[in-house]
Amino acid sequence: MTALATRRALGTGAVLLAGVLALAWAWRAPGLAPAAAPPAEPAERAGEAAPPTQLLQRQVREHPRDGRAWALLGYAELEAARYPEAAAAFERAVEASPKVALDPAVWCAWADALGMAQGGSLDGRPSELIAQALKLQPAHPQALEMAGSAAYGRRDFRAALQYWQRLLPQLQAGTQPHEELTRAIARTERLAATSLR
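Residues numbered from 1 in each chain as written. Predicted model: local features only at pLDDT ≥ 70, side-chain atom pairs only at ≥ 80, totals over all residues. Heavy atoms only, no water.

Turning our eyes to something else, we now look at the overall build of the protein chain. The helix and strand inventory of the protein chain stands at eleven helices and zero strands. Reading the secondary structure of the protein chain in the N-to-C direction produces α-α-α-α-α-α-α-α-α-α-α. Counting across all 197 residues of the protein chain, residues that qualify as buried make up 47%. Across the protein chain, the fraction of contacts at a sequence separation of at least 24, relative to all contacts at a separation of at least 6, is 57%. (Helix = DSSP H or I, 4+ residues; strand = E, 2+ residues; numbered from the N terminus. Buried < 20%, exposed > 50% of the residue type's maximum accessible area, 1.4 Å probe, protein only. Contact = heavy atoms within 4.5 Å.)

In this model helix α8 (residues 125–136) runs 17 Å from its N-terminal to its C-terminal C-alpha over twelve residues, within 8% of the 16 Å that 1.5 Å per residue would give. Turning to α8, its buried residues number three or more, namely Pro126, Leu129, Ile130, Ala133 and Leu134. In an axial view of α8, the angular spread of the buried residues amounts to 145°, which keeps them on one side of the axis. (Expected span 1.5 Å × (residues − 1). Arc of directions from axis to C-beta.)

On to helix α7 (residues 104–117). Counted at 1.5 Å a residue, the expected span for α7 with its 14 residues is 20 Å, and the 20 Å between its end C-alpha atoms agrees. Extensive coverage of α7 is indicated by the burial of twelve of its 14 residues. Of the residues flanking the start of α7, the one acting as N-cap is aspartate 103, its side-chain oxygen 2.9 Å from the backbone nitrogen of alanine 105. Downstream of α7 by one or two residues, glycine 119 has phi in the positive range, about 85°. (Polar contact = N/O pair within 3.5 Å; in protein donor to acceptor, adjacent residues only side chain to side chain.)

Membership of the largest hydrophobic core comes to 52 residues, with the highest contact counts inside it found for Trp70, Leu78, Phe90, Trp110, Ile130 and Leu181. Of all the elements, α7 adds the most residues to this core, at nine residues. Ignoring any residue separated from it by four or fewer positions in sequence, one finds isoleucine 130 in contact with Ala111, Leu122, Ala143, Met146 and Ala147. (Core = buried A, V, L, I, M, F, W, Y, C linked by side-chain atoms within 4.5 Å.)

Under the defined criterion, the tally for this structure stands at four aromatic pairs. Every member of this aromatic cluster is reached through a ring pair, and the members are Tyr152, Phe157 and Trp164. (Phe/Tyr/Trp six-rings, centres within 6.5 Å; stacked < 30°, edge-to-face > 60°.)

Let us look at unusual backbone geometry. The phi dihedral of alanine 81 falls on the positive side, at around 65°, and the residue is not glycine. Within the element layout of this structure, alanine 81 appears in the loop between α4 (67–79) and α5 (83–96). Overall, the relative accessible area of 34% leaves alanine 81 in the partly exposed class. With a phi angle near 65°, arginine 155 is a residue other than glycine that sits in the positive phi range. By the element assignment, arginine 155 lies in the loop between α9 (141–153) and α10 (157–167).

Here the protein chain shows a mean pLDDT of 80. Residues at 70 or above account for 73%. Residue range residues 1–45 is modelled with pLDDT below 50. Its contacts to residues more than four positions away, or to other chains, number 86 contacts. (pLDDT = per-residue confidence, 0-100.)

Summed over the entire model, instances satisfying the criterion amount to two salt bridges. One salt bridge in this structure joins glutamate 77 and arginine 82, with 2.4 Å as the shortest N-O distance. Overall, the relative accessible area of 5% leaves glutamate 77 in the buried class. You can call arginine 82 buried: its relative accessible area is 18%. Between glutamate 128 and arginine 125 there is a salt bridge, and its shortest N-O distance comes to 3.2 Å. Of this pair, glutamate 128 and arginine 125 both sit in helix α8, separated by three residues, roughly a single helical turn. Exposure remark for glutamate 128: the relative accessible area of 47% places this residue in the partly exposed category. (Salt bridge = Lys/Arg side-chain N within 4 Å of Asp/Glu carboxyl O.)

Structure, rendered in C-alpha cells:
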C-alpha cells in the first residue's frame, strides 16, 4: 500500500485492503502521470520542492494554459504530500484544458488531494469531484473505489456495496486485490444488514 493510500484510509477504521488501494493509485491518469516516480528526496531536504517539481512550477508560470503541466504538477505535489498545492494544481489543470477535464483520473486525484487536505475525509467537495469522474466514465475503477470509500465513511453501506460490486468484476479473479475487495464487500454486507435492524 502506498503512503498516500494509507493516509487516505477511512477515518472510521474501515480500510479497503492494500491491493485495492494500491491499484486505485496506479490507475491515476495513465496518460498524464509520470512513468515512474522520481527518487525520494533526502530527509534533510523535506519541505523543499524536488527538481522535477521546480521544473513543472516554472512551466506553468511560463505557460499557464498548459493543462497537462498543471496536472503533472498536481501529481508531483500529491506524491510529496503537499495536498492544498496539489488540489490547486488539479483545479487549474481542469480549468486550463478541456482535454484534461475529460480525464476522470484527474478528477479522482483532485478529490484525493482535497480529501487529504481535510484530514482524510472524502465528504463534501471531494465527493462532488468523484461524482464528476463517474459521470465521465461510470466504470472508472478509481472513481468506483473512492465513491465506495466515501459512502462507507458516511456509513451508507448500501451505496458503498453498489460501487464496490461494480468494481469487483474489473479485478482479476484469484488475485490479491480481488480477494481483498471480496472480503471488504462481505464485511460491508454484514454492516448493511446490521444497520437495517
